[in-house]
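Topology and contacts: notes
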Number of protein chains: 2
Amino acid sequence: MQDILFDFIAKYISLTEEEKNAIISLDIFRSVKKGTILLTAGQKSKDSYFVLKGCIRTYYIVDGEEKTTAFYTEMEALTPPCVISKTPSEYYVSCIEDSILTISNTDMGVEVNSKFPKFDIMCRILSEELLAKQQIDFDKFKTSSPEQRYLNLLQNRPDLIQRVPQHQLASYLGIKPQSLSRLRARIFEKKR
Amino acid sequence: MQDILFDFIAKYISLTEEEKNAIISLDIFRSVKKGTILLTAGQKSKDSYFVLKGCIRTYYIVDGEEKTTAFYTEMEALTPPCVISKTPSEYYVSCIEDSILTISNTDMGVEVNSKFPKFDIMCRILSEELLAKQQIDFDKFKTSSPEQRYLNLLQNRPDLIQRVPQHQLASYLGIKPQSLSRLRARIFEKKR
DNA sequence: TGCATTTCTTAACTTAAGTGAACGAATTAT
DNA sequence: ATAATTCGTTCACTTAAGTTAAGAAATGCA
C-alpha cells in the first residue's frame, strides 16, 4: 500500500531506502471509514491529505446546503487553503468511501524537509504543477455549460460518475440534482 | 515605478541594495501598448508577467469566440500554465490598457535563484499562496450564480467593472454580453 | 472631422436551469 | 428484518440565460 505513495513520489524525486524508512517511521498512514469528517468549517488545521485508496471530498455549507467543490481519489493530494493561510477552514473535508490516506501536518513537513532537502524541491514542483492544473480546470469550468462539464467528466473521470452520489456530482457541476437527472436523460435521448 | 515591484517582494522577503541592483540589471521592465498580444495560443513561452501598472487579460478562442478567464492588474503576477508544463500555450495573453510590466523568463529565474537563494523561497511561498487563493476563487465561482458573481466582483474588484469592456467581463462571469446587460438592469431595478 | 467598426443595450423568442412536490428505490439505523 | 431516512427521478411551473436581430453609443482610424 505504501508503494503507491513511493510511486507517486518517484515521479518527482528519487528516494533512497533510508529516506523511505524515514517516511514510514513518521507513521502517517491512516485507514479511514466512509462518512468520517476529516476537517470541519471553522476549524484550524495543519493537515494535508494524500489518497492511497478511496475518495475524499471537499464541500461548503451555504444556507444550510452542501456545495461540493472537489473530489480526490487515488494518487491525488489535498492541502486545504486554511493550512497555507493559517486561518480557520472555510470548508469541510469528508471521506466518502472507506479509504486509506496519508495524513501529514506542516510541522512534520518542516522537520523532514530540513533532513532531506529533496522534499523541498518536490513540494515546490508539486505546488507549481497543481497551480497550473488548477488554472486550466478553472478555465475549462468557466468556459463550459453544465452539459459540457458533465460530458467532460464522462471523458476524463468516468469513475467519479460511478462512485460518487449524484447529488454531490450535481453540486460539483454547479447545478441541482434535478437538473443533473434531466440533463442525463437529455443526453441519453440524443444518443439513440 | 520599480518600487512597486520591490514593495511587492518586500511582502515575502527582504532585499539588500545589492540584490535590488541585480534585479534592475536584469532589464525586465517593459512598457506595453494597449492591444499588444503578449502570448498567442499554440506558442511556446517561458515568460512570466508582473503588472506594475495597467491590466492584462488571458483568453481562449473557442469556436471563434473569445472566452476571457482572468484579468491581472497592479501588483498581480501571471505565470501561464504552458511555462510550467513546457507545452504550447492554450490561451492568449493581451494587454488591455497601456501598461508597465516586468517580463521575465524561467532561465533568468534559475540564474538569479542560484545567486540569491532567497528568491527560491519567495517563489515557493508565492506559488503556494496563489494555489490557495486560486482554489478559493474557483470554489466561489462554482457555488455562485452569474448574478452573485457580478455582485461579488462589485464588492471585491469594483475597478475591473470600470476599466474592462463589458463583453470581456461577461465572458469572465461565464455569460453572454446580453445577459450581463440584462442582469445589470435587473440589479438596478431591485435597488430602487 | 467624418466614416467605419466595435461595443452596449433592448426586445422577442427559445432553451435550460431552479423550485416545489411526489413517489419509488436504495441505504442506514434500530 | 423493519422502519426511517436519504437519494434519484419525474413532473409542472418559474426564472434566468442563450439566441437572433436591431438600433444607439462609443471608439478607432483615415
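In what follows, the accompanying structure is described. (Residues numbered from 1 in each chain as written. Chains lettered and ligands numbered in written order. Predicted model: local features only at pLDDT ≥ 70, side-chain atom pairs only at ≥ 80, totals over all residues. Heavy atoms only, no water.)

1. Some words on the relation of the copies chain B and chain A
Rotating chain B by 180 degrees about the axis while translating it 0.0 Å along that axis superimposes it on chain A, leaving an RMSD of 0.0 Å. Within this description, the copies of the chain are treated as partners about a two-fold rotation axis. Comparing interface residues between copies, 100% of those in chain B also lie at the interface in chain A; the contact surface is shared. (Least-squares fit on C-alpha atoms with pLDDT ≥ 70 in both. Contact = heavy atoms within 4.5 Å.)

2. Looking at the pairing of strand S8 (residues 99-105) of chain A
Residues and elements named next belong to chain A. As judged from the 4 bridges shared by strand S1 (residues 29-32) and S8, these two strands associate in the antiparallel manner. Across the sheet, residue Ser31 finds its bridge partner in S8, namely Ile100. Strand direction decides the pairing type here: strand S3 (residues 47-53) and S8, joined by 6 bridges, are antiparallel. Residue pairing for S8: Ser48 is matched across the bridge by Ser104. (Pairing = 2+ DSSP bridges. Helix = DSSP H or I, 4+ residues; strand = E, 2+ residues; numbered from the N terminus.)

3. Re the protein's contact with DNA strand C
In the region of DNA strand C, 15 residues are neighbours, and Ser179(A), Arg186(A), Gln166(B), His167(B) and Ser181(B) sit closest. Between DNA strand C and the protein, one listed contact pairs a base oxygen with a side-chain N or O atom of Arg182(A) at 3.0 Å. Taking Gln166(B), its main chain carries an N or O atom lying 2.7 Å from a phosphate oxygen of DNA strand C. Residue assignment for the surface near DNA strand C shows that the elements contributing at least two residues are helix H9 (177-191) of chain A together with helix H8 (166-173) and helix H9 (177-191) of chain B. Looking at the surface near DNA strand C, its residues break down into 3 nonpolar, 7 polar and 5 charged. (Near = heavy atom within 4 Å. Polar contact = N/O pair within 3.5 Å; in protein donor to acceptor, adjacent residues only side chain to side chain. Nonpolar A, V, L, I, M, F, W, Y, C, P; charged D, E, K, R; others polar.)

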